[in-house]
Amino acid sequence: MPSIDPPETAPPTVKWQFPAMHPEGRRYVVIVAVAAVLSLLIWNVLFWPLVFLALGVAAFFRDPIRVTPKNDGLVIAPADGLITMIQPVTPPPELAILGNSPLIRVSIFMSVFDVHVNRTPIAGTIRQVVYISGKFLNADLDKASEENERQHIVVEGKDGRLIGFTQIAGLVARRIVAFVKEGDMLAVGQRVGLIRFGSRVDVFLPADTVPQVVLGQRAVAGETILGKIGGDTMSGVTQ
């Protein structure tokens, strides 16, 4: 299991550079690059397409620096992508630790063009990691949360609140990778895992959390505020 990364800090100066690639992606880039070299000996018409594919794979596994809000009471997006659902649902059986009352579920859909490194929405201790094997339906479908391969993670904040979120494999995704285990202590915005090649993350907001995002908004992992704890959770929720 990869080691847990330390909290990130913003660089002292601003200068654009291509984001670093997460180590999980190196083997895939090497495989495609080797295939590109071999194509020169077998069928060189494939060389440039494979070179561009290698660059695309490197871009998929990019792992940019994120500057995370540190204020208490904030729930931060664990994934990059499009907010596709905001609705009250009963947590799945695997997240029974959250109770059986309806909670607001915020779903973030990640296309193959989004960053796929996922981050913890709050600081705290990992209380639960549950992996469930399953199908590979389109992650944008509601039933994907019950039928697809998925991994549930629950974090307990210093105030005792529990935040559950679920990594869901999609139509193209075929592997969910965890970087954490039960008992690990994390700072908000630290990396917890990734999903390869298109997927979705569901976040279950605590009962007294007010959503701070709307349908169709794009979330940035480790930076976008999904909710603020304290208030009427049903306010502004789209069914």
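Residues numbered from 1 in each chain as written. Predicted model: local features only at pLDDT ≥ 70, side-chain atom pairs only at ≥ 80, totals over all residues. Heavy atoms only, no water.

Asks: Describe the side chain of Arg191, listing the residues and the values that go with them.
Replies: With respect to the helices and strands, the residue Arg191 is situated in strand E10 (residues 191-195). Take Arg191: its relative accessible area is 10%, and that puts it in the buried class. Polar contacts involving the side chain of Arg191 include one to the side chain of Asp63, which spans 2.7 Å. (Helix = DSSP H or I, 4+ residues; strand = E, 2+ residues; numbered from the N terminus. Buried < 20%, exposed > 50% of the residue type's maximum accessible area, 1.4 Å probe, protein only. Polar contact = N/O pair within 3.5 Å; in protein donor to acceptor, adjacent residues only side chain to side chain.)

Asks: I'd like a rundown of the pairing of strand E14 (residues 225-229), residues and numbers included.
Replies: Of the pairings in the sheet, the one linking strand E1 (residues 74-76) to E14 comprises three bridges and is antiparallel in character. Looking across to E14, one finds that Ile76 is bridged to Ile225. As paired elements, strand E12 (residues 209-211) and E14 share three bridges and run antiparallel to each other. In the strand pairing of E14, Thr209 is matched with Ile229. (Pairing = 2+ DSSP bridges.)

Asks: Describe the sheet that holds strand E8 (residues 176-178), and please don't skip the residues or the numbers.
Replies: Judged by pairing direction, the sheet is antiparallel, and its three strands sit side by side in the order E4-E10-E8 without closing on themselves. Strand pairing shows two members of the sheet lacking a second neighbour, strand E4 (117-119) and E8, which therefore form its edges. When strand polarity is set aside, the average angle formed by the axes of neighbouring strands in this sheet is 25°. Relative to E10, E8 is paired through three bridges, and the arrangement is antiparallel. (Axes fitted to C-alpha atoms, helices over the stretch in contact; angles between N-to-C directions.)

Note that every value here comes from positions in space, so none of it alone points to a role or purpose.
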